[in-house]
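# Coordinate analysis (summary)
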Amino acid sequence: MGYLVTNMGLKSDKMANISLLARLLLAGALCFCFLSGLSAQHETTAGNNPERLEWFNSLGYGLFIHWSVDSQIGTVISHSLVGASDQYQSKFFTELPDTFNPEEFDAREWARMAKVAGVNYVVFTTKHHSGFCMFDTETTDFNFMNTPYGRDVTREVVEAFRDQGIAIGFYFSPDDFHFLHEQGTMISRRRPEALPSNNPELMEHNKQQIRELFTNYGTIDILFIDGEPDGLRELAWSINPDLVITRGAMETPEIAPSTTQGLPGNLLSDVWEACYTMGTSWQYKPTNEQYRSGTDLIENLIESRAKNGNMLLNIGPKPNGSIPGEQEATLREIGTWLFINGESIYGVEPWVISNEDNIWFTRSKQEDAVYAIITEPNWEWGTRKTVILESVRASGSTTVSVLGQNDKVLEYVPETIPETKWENTNRGLMITAWRAQRIYNDRTWPNPVVLKITNPVPDRSVNK
């Protein structure tokens, strides 16, 4: 206790005039205040274990899967029930389960595709706002077991993705339109009586489902609470203290054409997660859909990582359980880029600056290396470019290379050696590199090139 008291600023000559009892009382009081301060600090950051947050952030890239009973009619997931007529609601709750029979669903194929696509974690919609449970539950008959398919698809997803070494996450909505309908409460996401915090029966209903999800499927790594988290968040953590809760405990902006949210303007110190749609909808939209390009999504992933965030990219399976061809193609394009450049995305942290114009930076946590990710389009195969990086300097032991290349051979052009060269200049680190690896048959690979710079020296005079 003497070390603690001395370091709290009480000098030894003053302590000599205090009785032994007073000393002990004072030391105890100081200790109590110190520990209380720690406790208060813990409460303000309570919940997500910092080590688990670092683990989560190192994953970098996850797969969101929105799939529910109304994928059959191609509407927005769940929300069509708000403001709907009694007839619409009745048909939704009674007829759609009778025709939901995804005979082409194969969780193992989903998981294999995700693995090839470079995905490190999955977040599956166990229950969206409609209240339809994609898992075996004793809380309601409005679940997948009471369809012609009659199997627990959540269990199949968990087992298949776990077998591929992909971390398991659950999406869960505390809003439950089917429960409100049965209760005789107006369906809404904002009216006070529809909120679990004001509806004890709904809160208990949700808690029972959380207990089922976190005791019946082994250890779950991640939880996304799309609604009021209070009560459910604490319950989930009490079952698994190492659980990482994303929405409900961190920033999770939705990057979709239907929202006004966007990525943060600068890199953030706290862990966060961007949730992306491939097109205009979260759930399968059979018509009137416009998809983003693979290049756009790769660049979104790069920007998220440069700003200390994860990217959670959504797919919406068809009613038959297959993945739409456009979505699968995009996943595979991203996977190809990650196959080459994944070390610039996984297990990284921000550099001293997020970007210099169209060059984005990440820094490896495993070795002393920074990645300069060049998103400038139209870097033609067989040509070289020169870039100047203002935030980076080379040390005496620096090496620079292009990820995926050996910098020694340009196919069919034996007289050319595509060697990467660099030097420090008064403007920054000047690098000249070649695009020498052929990815597509026609050599028109449109996606970013990554320069790896080992043992770099940061120039902290550059503003973030």
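Owing to the predicted nature of the structure, the values given are computational and were not obtained by experimental measurement.

### As for the overall build of the chain
Scanning the chain from N- to C-terminus turns up 12 helices and 19 strands. Here the chain, with 464 residues, has 52% of them falling under the buried criterion. The long-range share in the chain, meaning contacts at least 24 apart out of those at least 6 apart in sequence, stands at 70%.

### A word on the sheet that holds strand β13 (residues 384-389)
Taken together, three strands build an open sheet; the order of strands is β13-β17-β16 and the sheet is antiparallel. On the outer flanks of this sheet lie β13 and β16 (421-425), each paired with one strand and no other. Across the sheet, the mean angle separating the axes of adjacent strands is 15 degrees when strand polarity is ignored. Pairing between β16 and strand β17 (residues 428-434): five bridges, direction antiparallel. Each residue of the ladder has a partner; that of tryptophan 422, found in β17, is isoleucine 431.

### What to know about the pattern of salt bridges
Pairing is possible between side chains of opposite charge, provided their charged atoms come close. Under the definition given, this model contains 21 salt bridges. The closest approach of N and O atoms between aspartate 176 and lysine 127, which form a salt bridge, is 2.9 Å. Of the two residues, aspartate 176 is situated in the loop between β3 (167-172) and α8 (177-183) and lysine 127 in strand β2 (residues 121-127); the sequence distance between them amounts to 49 residues. For aspartate 176, a relative accessible area of 2% translates into the label buried. Between aspartate 226 and arginine 247 there is a salt bridge; the shortest N-O distance is 3.1 Å. Placement of the pair is aspartate 226 in the loop between β4 (222-225) and α10 (232-239) and arginine 247 in the loop between β5 (244-245) and β6 (254-255), with a sequence separation of 21 residues. For aspartate 226, a relative accessible area of 11% gives the class buried. One network of salt bridges, in which partners are shared, links Asp226, Arg247 and Glu254.

### Points about the sheet that holds β6
Read from one edge to the other, the open sheet built from eight strands follows the order β5-β4-β3-β2-β1-β8-β7-β6, with strand pairing classed as parallel. Unpaired on one side and paired on the other, β5 and β6 mark the two borders of the sheet. In the sheet, strand β1 (residues 61-65) pairs with β2 via four bridges, with the strands oriented parallel. When the bridges of β2 are listed, glycine 62 appears paired with tyrosine 121. Running over the sheet, helix α9 (residues 200-213) touches β2 and β3 and is turned about 165 degrees from β3.

### A few points about the environment of glutamate 376
In this fold, glutamate 376 is placed in the loop between β12 (369-374) and β13. Residues glutamate 376 and asparagine 358, spaced 18 residues apart in sequence, show a C-alpha to C-alpha distance of 6.0 Å.

### Some remarks on the pairing of β12
Each regular strand carries side chains that alternate between the two faces of the sheet. Buried residues dominate β12, accounting for six of its six residues. Burial along β12 is two-sided: the residues Ala369, Tyr371 and Ile373 and Val370, Ala372 and Ile374 are all buried. Judged from the five bridges that link them, strand β11 (residues 359-364) and β12 form a sheet pairing that is antiparallel. Looking at β12, one finds that threonine 362 is bridged to tyrosine 371. Counted between consecutive antiparallel strands, the loop separating β11 from β12 contains four residues. As judged from the six bridges shared by β12 and strand β18 (residues 449-454), these two strands associate in the antiparallel manner. Bridging across to β18, valine 370 finds its partner in isoleucine 453.

### A short note on the packing of α9 against α10
Packed helices, taken two at a time, are described by the angle between their axes plus the distance between the axes. The geometry of α9 relative to α10 is characterised by a closest axis approach of 10 Å and an angle of 25 degrees between their N-to-C directions. Of the possible angle classes, the one that applies to α9 and α10 is roughly parallel. Every pair of crossing elements has a handedness; the one defined by α9 and α10 is right-handed. Contacts between α9 and α10 pair Met203, Asn206, Lys207, Ile210 and Arg211 from the former with Leu232, Leu235, Ala236 and Ile239 from the latter. Residues belonging to the contact of α9 with α10 are distributed by class as follows: six nonpolar, one polar and two charged.

### Points about the packing of aromatic side chains
What the rule picks out here adds up to 22 aromatic pairs. An angle of 75 degrees between the planes, with centres 6.0 Å apart, marks the rings of phenylalanine 64 and tryptophan 282 as edge-to-face. Here phenylalanine 64 is found in strand β1, whereas its partner tryptophan 282 is found in the loop between β7 (272-276) and α11 (294-306), with 218 residues between them in sequence. Assigned by exposure class, phenylalanine 64 and tryptophan 282 land together as buried.

### With respect to the side chain of threonine 362
Structurally, the position occupied by threonine 362 is in strand β11. Taking relative accessible area as the criterion, threonine 362 reaches 1% and is therefore assigned buried. Polar side-chain contacts of threonine 362 include one of 2.7 Å to the backbone oxygen of serine 344. If we ignore the near neighbours within four places in the chain, the residues touching threonine 362 are Arg305, Ala306, Ser344, Val348, Glu349, Val370, Tyr371 and Ile373.

The rules behind each value
- Residues numbered from 1 in each chain as written.
- Predicted model: local features only at pLDDT ≥ 70, side-chain atom pairs only at ≥ 80, totals over all residues.
- Heavy atoms only, no water.
- Helix = DSSP H or I, 4+ residues; strand = E, 2+ residues; numbered from the N terminus.
- Buried < 20%, exposed > 50% of the residue type's maximum accessible area, 1.4 Å probe, protein only.
- Contact = heavy atoms within 4.5 Å.
- Pairing = 2+ DSSP bridges.
- Axes fitted to C-alpha atoms, helices over the stretch in contact; angles between N-to-C directions.
- Salt bridge = Lys/Arg side-chain N within 4 Å of Asp/Glu carboxyl O.
- Parallel < 35°, antiparallel > 145°, perpendicular 65-115°, else oblique.
- Left-handed = near helix turned anticlockwise from the far one by under 90°.
- Nonpolar A, V, L, I, M, F, W, Y, C, P; charged D, E, K, R; others polar.
- Phe/Tyr/Trp six-rings, centres within 6.5 Å; stacked < 30°, edge-to-face > 60°.
- Polar contact = N/O pair within 3.5 Å; in protein donor to acceptor, adjacent residues only side chain to side chain.

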